[in-house]
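Each chain, letter by letter, is given below.
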Amino acid sequence: MSGDHVPLDSIQVGDMVKIDAETNTYEAIYGFGHHEQSIAGNFLKIGWAQNSFLEISSEHMLLVSSAASSAGFRMIPASKVKIGDELMVEGVATQVAFIDEIQSRGLYAPLTYSGTIVVNGVKASQYISVQNTEHLVIGKINTGLNYHRLAHTFLFPLRLLGSMVKKDTPFM
């Protein structure tokens, strides 16, 4: 827990990662949704300063306060982030300055007990939105169920299993 930035391709089950910069809270990685170094794909490069950015899949969720809404900070798909929205960066609300579509290599989804992780200083969810929406939609009905909370609820058995195995034993 040195506070150093560690590349996602270097972390392992049992490593401690920051899950909240505001409170400087860390949790152990208990598994991976995916950990694929060789897979290439399309990503978003979301930045708040010239050399400060996060590369993320459009489906992964980030803690964002929308400039167009008074709802405050909430977990939304990265694809819904707009220039002018605010990210929580190192515990401070920071305005998004640019968003680029890029091609990159590597897919990583470390699993923490809280369902969150801080990547490049940005608080993010370990979960994705499968409908490119903040809430689950069934038919034309918005259920109001936030994807982050919904996924976190359904992964409770996995978190329970993760708490019962040895720290260095990957089971995902």
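Residues numbered from 1 in each chain as written. Predicted model: local features only at pLDDT ≥ 70, side-chain atom pairs only at ≥ 80, totals over all residues. Heavy atoms only, no water.

Undergrad: For this particular structure, what's the right way to read the overall build of the chain?
TA: The number of helices and strands found in the chain is two helices and 12 strands. When the helices and strands of the chain are placed in sequence order, the string is β-β-β-β-β-β-β-β-β-β-β-β-α-α. C-alpha atoms of the chain, sized along the principal axes, occupy 45 × 40 × 35 Å. The burial tally for the chain puts 41% of its 172 residues in the buried class. Sequence-distant contacts, at least 24 apart, represent 55% of the contacts inside the chain between residues at least 6 apart. For the chain, the accessible surface area stands at approximately 9400 Å², while carbon and sulfur atoms represent 54% of it. Charge-centre separation for the chain: the mean point of 12 positive side chains lies 7 Å from the mean point of 16 negative side chains. (Helix = DSSP H or I, 4+ residues; strand = E, 2+ residues; numbered from the N terminus. Buried < 20%, exposed > 50% of the residue type's maximum accessible area, 1.4 Å probe, protein only. Contact = heavy atoms within 4.5 Å. Areas by Shrake-Rupley, 256 points an atom, 1.4 Å probe, with all protein chains shown as cover. Lys, Arg positive; Asp, Glu negative; His and termini not counted. Charge placed at Lys NZ, Arg CZ, Asp CG, Glu CD.)

Undergrad: How should I be thinking about the confidence of the model for the chain in this particular structure?
TA: Caution applies to low-pLDDT parts of the model: their predicted coordinates are not meant to be read in detail. Confidence in the prediction of the chain, expressed as mean pLDDT, is 86, and 92% of residues score 70 or more. Mean pLDDT per element in the chain: helix 2 (residues 156-164) is the minimum at 77, and strand 3 (residues 52-56) is the maximum at 94. (pLDDT = per-residue confidence, 0-100.)

Undergrad: It is not clear to me how the pairing of strand 11 (residues 135-138) should be interpreted in this structure. Could you clarify?
TA: Put simply, side chains in a regular strand alternate between the two faces of the sheet. Bridge count for strand 11 against strand 12 (residues 141-146) is three bridges, and the pairing is antiparallel. Paired with V137 across the strands is N142, a residue of strand 12. Where strand 11 hands over to strand 12, the hairpin turn is made up of two residues, of which G139 adopts a positive phi near 65 degrees. (Pairing = 2+ DSSP bridges.)

Undergrad: What exactly am I supposed to notice about the nonpolar core here?
TA: In a soluble, globular protein the nonpolar side chains are often hidden away together inside. Judged by nonpolar contacts, the single largest core of 22 residues is most densely connected at I46, L54, I56, L62, V81, L87 and V122. Elements with a contribution of two residues or more to this core: strand 2 (25-49), strand 3, strand 4 (60-65), strand 6 (86-89), strand 9 (116-119) and strand 10 (122-128). Sort the elements by how many residues they give to this core and strand 2 lands first, with five residues. With sequence-adjacent residues up to four places away left out, L87 is seen in contact with I46, W48, L62, L63, V64, F73, V92, A93, T94, V96 and V122. The next biggest cluster of nonpolar side chains, apart from the first, holds six residues, and it includes M61, L63, M88 and Y147. (Core = buried A, V, L, I, M, F, W, Y, C linked by side-chain atoms within 4.5 Å.)

Undergrad: Explanation requested: the environment of Y30 in the structure shown.
TA: Structurally, Y30 can be placed in strand 2. Since its relative accessible area comes to 3%, Y30 is described here as buried. In this structure the C-alpha to C-alpha distance between Y30 and E55, which are 25 residues apart in sequence, comes to 23 Å.

Undergrad: Which parts of the structure should I look at to understand a nonpolar patch on the surface?
TA: Residues F156, L160, L161 and M164 make up a contiguous nonpolar surface patch of roughly 400 Å² in combined accessible area. For F156, the location among the structural elements is in helix 2. (Patch = residues over 30% accessible without salt bridge, like charges linked within 9 Å, V, L, I, M, F, W, Y side chains within 5 Å. Salt bridge = Lys/Arg side-chain N within 4 Å of Asp/Glu carboxyl O.)

Undergrad: I would appreciate a short explanation of helix 1 (residues 147-154) in the present structure.
TA: Because an α-helix packs 3.6 residues into every turn, residues spaced three or four apart end up facing the same way. Where helix 1 is concerned, the buried positions are Y147, H148 and H152. Taken around the axis of helix 1, the buried residues stretch over an arc of 130 degrees, which confines them to a single face. Exposed residues lying more than 90 degrees from the buried face of helix 1 are R149, T153 and F154. Of the residues that open helix 1, the one with a side-chain oxygen 2.8 Å from the backbone nitrogen of H148 is N146. (Arc of directions from axis to C-beta. Polar contact = N/O pair within 3.5 Å; in protein donor to acceptor, adjacent residues only side chain to side chain.)

Undergrad: Explain unusual backbone geometry here, please?
TA: Among all residues save glycine, negative phi is the norm, and among peptide bonds the norm is trans. A positive phi angle is found at N24, which is not glycine, with a value near 55 degrees. Although it is not a glycine, N132 sits at a positive phi angle of roughly 60 degrees. By secondary structure assignment, the location of N132 is in the loop between strand 10 and strand 11. Under the relative-accessibility criterion, N132 is labelled partly exposed at 34%.

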